[in-house]
Amino acid sequence: MFDLKGKNALVTGASRGIGRGVAVNLARAGARVALVGRDTAALDETLAAVKAAGGQALPLQADVTDAGSVEAAVAKTCEAYGRLDVLVCNAGVQNLKPFLDMKPDDWRKLIATNLEGAIMTLQAAGRRMVAQKSGSIITMASIYSFVGAPGNSIYCMTKGGLLQLSRALAVEWARHNVRVNAICPGWIETELTAPY
């Protein structure tokens, strides 16, 4: 469908689920892919899947809730590949629980990963893309950016915020030839959703 030969991509949350699927298909289309995630064993599984698809990838252990970790992953990608052309900002967590049962630690984890993690990733990659006057960014929002769901109030809030951030950056960075789009998947059976 499309050719990404010569392009370099970074995918957060690449160790499983949607992130793994995205990484494998970017590689299948010809991109070199930096695989970012916390679980090194699962990243190795994604690396094996990328290689089986005939692609090339660089596994990078990093935590999107830590600014230094994010910056290091983006820097290592640029050092290895020369530049960053595509960012898929996919890392996310979920906690299905009634709103009145949510504790501060519950919502802080969701906000730290789904919103703050995205902000730090977008800043680290965005600085490079704005400077080079090109790039394509895809954020992984959700159908819950638009609709509410019982037991998913804080998740819905974070994904709604991510969608609006994507809209704002699309306008802000258009003059730098950096595209920003959001994908809003519905319910997909992955390790993240399996318990629910």
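Residues numbered from 1 in each chain as written. Predicted model: local features only at pLDDT ≥ 70, side-chain atom pairs only at ≥ 80, totals over all residues. Heavy atoms only, no water.

A. Spatial organisation of the packing of aromatic side chains. According to the stated counting rule, one finds one aromatic pair in the structure shown. Between the aromatic rings of Y144 and Y155, the centroid separation amounts to 6.2 Å while the plane-to-plane angle is 85 degrees, which identifies the pairing as edge-to-face. Taken as a pair, Y144 in the loop between β5 (135-140) and α5 (153-173) and Y155 in helix α5 lie far apart in primary sequence, eleven residues in all. Both residues of the pair, Y144 and Y155, belong to the buried class. (Phe/Tyr/Trp six-rings, centres within 6.5 Å; stacked < 30°, edge-to-face > 60°. Helix = DSSP H or I, 4+ residues; strand = E, 2+ residues; numbered from the N terminus. Buried < 20%, exposed > 50% of the residue type's maximum accessible area, 1.4 Å probe, protein only.)

B. Focus on the nonpolar core. Of all hydrophobic cores here, the largest spans 26 residues; its most connected members are L10, L84, L87, L122 and I137. Among the elements of the structure, β2 (32-37), α3 (67-81), β4 (86-89), α4 (104-132), α5 and β6 (178-183) are those that each provide at least two residues to this core. Per-element accounting of this core gives the leading share, six residues, to α4. Counting 19 residues, the second largest nonpolar core, distinct from the first, contains L4, A14, A23 and M140. (Core = buried A, V, L, I, M, F, W, Y, C linked by side-chain atoms within 4.5 Å.)

C. The arrangement of helix α2 (residues 40-52) in detail. Here α2 is 13 residues long and its end C-alpha atoms lie 18 Å apart, about the 18 Å a rise of 1.5 Å per residue gives. Listed in full, the buried residues belonging to α2 are A42, L43, T46, L47 and V50. Along the axis of α2, the buried positions cluster into a sector of 150 degrees, meaning they face one direction only. Turned more than 90 degrees away from the buried face of α2, the exposed residues are K51 and A52. Along its buried surface, α2 packs onto α1 (17-28), β2 and β3 (56-61). You can read the cap of α2 off the contacts: a side-chain oxygen lies 3.1 Å from the backbone nitrogen of A41, and it is on D39. (Expected span 1.5 Å × (residues − 1). Arc of directions from axis to C-beta. Contact = heavy atoms within 4.5 Å. Polar contact = N/O pair within 3.5 Å; in protein donor to acceptor, adjacent residues only side chain to side chain.)

D. Representation of a nonpolar patch on the surface in the model. Judged by side-chain polarity, I143, F146 and V147 come together as a nonpolar surface patch covering roughly 260 Å² of accessible area. Its place among the elements puts F146 in the loop between β5 and α5. (Patch = residues over 30% accessible without salt bridge, like charges linked within 9 Å, V, L, I, M, F, W, Y side chains within 5 Å. Areas by Shrake-Rupley, 256 points an atom, 1.4 Å probe, with all protein chains shown as cover. Salt bridge = Lys/Arg side-chain N within 4 Å of Asp/Glu carboxyl O.)

E. Summary view of the pairing of strand β1 (residues 8-12). For β1, the tally of buried residues reaches five of five residues, placing the bulk of the element in the interior. Residues N8, L10 and T12 of β1 are buried on one face, and the alternating residues A9 and V11, pointing to the opposite face, are buried as well. The pairing of β1 with β2 spans five bridges and is classified as parallel. Bridging across to β2, A9 finds its partner in V33. The parallel pair β1 and β2, bridged by α1, forms a crossover whose chirality is right-handed. (Pairing = 2+ DSSP bridges. Right-handed = clockwise from strand over helix to strand, strands pointing away.)

F. Molecular detail of the packing of α4 against α5. Here α4 crosses α5 at 15 degrees, and the two axes come no closer than 9 Å. Of the possible angle classes, the one that applies to α4 and α5 is roughly parallel. Helix-helix and strand crossings are classified by hand; for α4 and α5 the assignment is right-handed. On the side of α4, the interface is formed by W107, L110, I111, N114, L115, A118, I119, L122, G126 and V130, while α5 contributes I154, Y155, M157, T158, K159, G161, L162, L165, L169 and W173. A per-class count over the contact of α4 with α5 returns 15 nonpolar, four polar and one charged. (Axes fitted to C-alpha atoms, helices over the stretch in contact; angles between N-to-C directions. Parallel < 35°, antiparallel > 145°, perpendicular 65-115°, else oblique. Left-handed = near helix turned anticlockwise from the far one by under 90°. Nonpolar A, V, L, I, M, F, W, Y, C, P; charged D, E, K, R; others polar.)

G. Broad picture of the pattern of salt bridges. Enumeration over the complete set of coordinates arrives at seven salt bridges. With a shortest N-O distance of 3.0 Å, D39 and R16 are connected by a salt bridge. Highlighted residues: D39 in the loop between β2 and α2 and R16 in the loop between β1 and α1, separated in sequence by 23 residues. On the basis of relative accessibility, which here comes to 29%, the residue R16 falls in the partly exposed class.

H. Region of the structure containing the layout of surface pockets. By volume, the second largest pocket amounts to about 330 Å³. In terms of lining residues, the second largest pocket is bounded by 18 residues, among which L26, V86, S136, I138 and R179 are the most central. Looking at the lining of the second largest pocket, the elements with two or more residues in it are α1, β4, β5 and β6. Per-element tally for the lining of the second largest pocket: the top contributor is β5, with four residues. Looking at the lining of the second largest pocket, its residues break down into ten nonpolar, four polar and four charged. (1 Å grid on protein atoms, 1.4 Å probe; cavity = no way out; pocket = protein on both sides within 12 Å on 5 of 7 lines; lining within 4 Å. Points joined across faces, edges and corners; volume = space filled by probe spheres on them.)

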